[in-house]
Amino acid sequence: MIDLMQKIVSFTKRRGFIFPSSEIYGGFGSCYDFGPLGVEMKNNIKRAWWDEMIKKHDDIVGLDSSILMSPKVWEASGHLTAGFADELVECKKCHHRFRKDFLKKGKCPDCGGELTKARKFNLMMKTFVGPVENEAAVTYLRAETCQGIYLNFKNVLQSMRKKIPFGIAQIGKAFRNEINPRNFVYRTREFEQMEMQWFCQPKEAPKIFNYWKKERINWYLNLGIKKSNLRAREVSKDELAHYAKRAVDIEYKFPFGWKEIEGIHNRGDWDLSNHSKHSGEDLKYEGYFPHIIETSVGVDRSLFAFLCDAYTEIRGGRTKTTKAAKEVEILLNLNKSLAPIKVAVLPLVKNKPKLVKKAKDVYQMLKPQFRCQYDEVSSIGRRYRRQDEIGTIFTLTVDFESLEQNDLTIRDRDTMEQERVKIEDLIKILKKKLNEQ
Ligand code: GAP
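Described below are features of the structure shown in this document. (Residues numbered from 1 in each chain as written. Predicted model: local features only at pLDDT ≥ 70, side-chain atom pairs only at ≥ 80, totals over all residues. Heavy atoms only, no water.)

## Considering the overall build of the chain
And then number 1: Along its length, the chain carries 12 helices and 21 strands.
And then number 2: Judged by the C-alpha coordinates and their principal axes, the chain covers about 75 × 60 × 50 Å.
And then number 3: With 437 residues in all, the chain has 51% of them scored as buried.
And then number 4: Here the contacts in the chain between residues at least 6 apart in sequence split such that 63% fall between residues at least 24 apart. (Helix = DSSP H or I, 4+ residues; strand = E, 2+ residues; numbered from the N terminus. Buried < 20%, exposed > 50% of the residue type's maximum accessible area, 1.4 Å probe, protein only. Contact = heavy atoms within 4.5 Å.)

## A few points about the sheet that holds strand S4 (residues 85-90)
And then number 1: The strand order across the open sheet built from 3 strands is S5-S4-S6, with neighbouring strands paired in antiparallel fashion. The strands lining the two open edges of the sheet, one partner per strand, are strand S5 (97-99) and strand S6 (119-122). Here the average twist between neighbouring strands, direction ignored, is 50°. (Pairing = 2+ DSSP bridges. Axes fitted to C-alpha atoms, helices over the stretch in contact; angles between N-to-C directions.)

## Topic: the packing of aromatic side chains
And then number 1: The full count for this structure, using the stated rule, is 21 aromatic pairs.
And then number 2: Arranged with centres 5.6 Å apart and planes meeting at 70°, the rings of Tyr186 and Phe256 form a pair that is edge-to-face. Residue Tyr186 is found in the loop between strand S9 (166-175) and strand S10 (190-200), and its partner Phe256 is found in the loop between strand S12 (246-254) and strand S13 (257-268); the two are separated by 70 residues along the sequence.
And then number 3: Its relative accessible area of 5% is what places Tyr186 among the buried residues.
And then number 4: Residue classification places Phe256 among the buried positions, given a relative accessible area of 18%.
And then number 5: With 5.0 Å between their ring centres and 80° between their planes, Tyr252 and Phe254 make a pair best called edge-to-face.
And then number 6: Assessed through its relative accessible area of 2%, Tyr252 is described here as buried.
And then number 7: Put simply, the rings of Tyr32, Phe184, Tyr186, Tyr252, Phe254, Phe256 and Phe304 touch in pairs and so form one group of aromatic residues.
And then number 8: The positively charged end of Arg301 is found above the aromatic ring belonging to Tyr186, 3.7 Å away from the centroid.
And then number 9: The side chain of Arg411 reaches across the aromatic face of Tyr384, ending 4.5 Å from its centre. (Phe/Tyr/Trp six-rings, centres within 6.5 Å; stacked < 30°, edge-to-face > 60°. Lys NZ or Arg CZ within 6 Å of the ring centre and 35° of its normal.)

## Focus: the side chain of Thr395
And then number 1: Inspection of the secondary structure assignment puts Thr395 in strand S19 (residues 394-398).
And then number 2: Beyond its immediate sequence surroundings of up to four residues, Thr395 is in contact with Ala344, Leu346, Tyr384, Gln387, Thr409, Ile410 and Arg411.

## Looking at the packing of helix H2 (residues 36-56) against helix H8 (residues 299-310)
Geometry of a packed helix pair, given as the angle between the helix axes and the separation of the axes.
And then number 1: It is at 10 Å that the axes of H2 and H8 come closest, and there the two elements cross at 105°. Our classification of the angle between H2 and H8 gives roughly perpendicular. Across the interface between the two elements, Gly38, Met41, Lys42, Ile45 and Lys46 from H2 touch Val299, Asp300, Ser302, Leu303, Phe306 and Leu307 from H8.
And then number 2: Residues of the contact of H2 with H8, tallied by class, amount to 6 nonpolar, 2 polar and 3 charged. (Parallel < 35°, antiparallel > 145°, perpendicular 65-115°, else oblique. Nonpolar A, V, L, I, M, F, W, Y, C, P; charged D, E, K, R; others polar.)

## Focus: the pairing of strand S14 (residues 291-298)
And then number 1: The element S14 is extensively covered by neighbouring structure, given that 8 of its 8 residues are classed as buried.
And then number 2: Every second residue of S14 is oriented toward a common face, with His291, Ile293, Thr295 and Val297 on one face and Ile292, Glu294, Ser296 and Gly298 on the other, all of them buried.
And then number 3: Bridge analysis of S10 against S14 gives 8 bridges, and the strand direction is antiparallel. Paired with Cys200 across the strands is His291, a residue of S14.
And then number 4: Sheet topology places S13 next to S14; 6 bridges connect them, and they run antiparallel.

## Considering the site of the ligand
And then number 1: As a matter of local geometry, the ligand sits amid 22 residues, with Glu144, Thr188, Glu195, Glu260 and Glu294 nearest to it.
And then number 2: Within the contact set of the ligand, an oxygen atom lies 2.6 Å away from a side-chain nitrogen or oxygen of Glu260.
And then number 3: For the ligand, an oxygen atom lies 2.8 Å from a polar atom in the backbone of Gly298.
And then number 4: Burial of the ligand by the surrounding chains reaches 93%, relative to a free accessible area of 550 Å².
And then number 5: Of all the secondary-structure elements, those providing two or more residues to the shell around the ligand are S10, S13 and S14.
And then number 6: The element contributing the most residues to the shell around the ligand is S13, with 6 residues.
And then number 7: Considered class by class, the residues forming the shell around the ligand number 6 nonpolar, 6 polar and 10 charged. (Near = heavy atom within 4 Å. Polar contact = N/O pair within 3.5 Å; in protein donor to acceptor, adjacent residues only side chain to side chain. Areas by Shrake-Rupley, 256 points an atom, 1.4 Å probe, with all protein chains shown as cover.)

Have a look at this one:
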């Protein structure tokens, strides 16, 4: 399984999904850059989530709050004091530091040395605002996006003339000074979250919690995650975050085991009551603090899960031709809405100017409508494989018949079946096939 992980890491770099950050300087502390295909896929995931929240559900509105906020926010939220710290131990010999709960034995995993006693290590990323770097100028990069939602609860309520219950959704970057960032983009210090906070009457909260748990699991299944690779785990009382009354983790079976990709939290009145107390602003609604049910998922982490789930190696090749018999072909069978490239246009051969021109004309026609690629380099079989590898849904081939008939073939990534269609009908047909009508 670790082998699979290494394959996926090298695949994502080779095919332009994910690059290590600052690579020419030797990399930088578990930060990653999303390449041309990675950013398309990330945008597709964010769009799918935004549509799910804003289009599908009634009474959810969007927000884009700032990353930097008053440092008082983090005192009120409990992130500077209560629970937002991991227990850190240090090796007395090599001085490497580890999260205590990640260690299986009481020895340093790197050199076997003796470890220090555990001490609390706060995960907030500190920074300074303004020209003077003193304590008065200290603030923090947000560790979760939802705090900006609580601060704007009243603004949204009033400006949008909302009534309880309603939800606010937000997508944005968050930062945590993780002690042990690990497993590629699974745990990093800079990541993106998609969070929705549902404000409701206290007595409704348990029912709403179960509703969102079901909704969120279905979201992954509808986007193609295999049922056998997904589960919901009730978080035990002693594992609960400082703000949570109840939590369920949605977990994915990664190559390194079952791990959380999303948390559903019943935050009770923790946030609104604490912000009321610390700011002096009354955040009650009709005399009570609304309770909050939260759904919180990492964009990077879910992208990683979607990639792992779609990555398929086919020994001997998909077409089982003698040439491919010894090869391993990769198929990335991503859901249509998540695949970074929807359509590729290929001339059958590249040394026939009329074919090339026609294929380029088709590409130019499709480009404003779909994420497209044009590819004329190497044999047609190789080009099909290259497109399968990055999950392209349809590959169009312009051949000699196309010059006479003004048509081309559409090859389906999953079935490899080919169908001839007229070029004038192409946009309509592709839209229908991609469910974009
Ligand atoms: N507002 C609640 C909250 O932030 P969380 O369980 O700490 O809850 C929610 O985080 C989600 O954010 C996680 O399920 C994960 O997908 C993502 N996430 C958290 N820490 C992360 C990290 N260091 N790297 C990547 N994603 C992370």
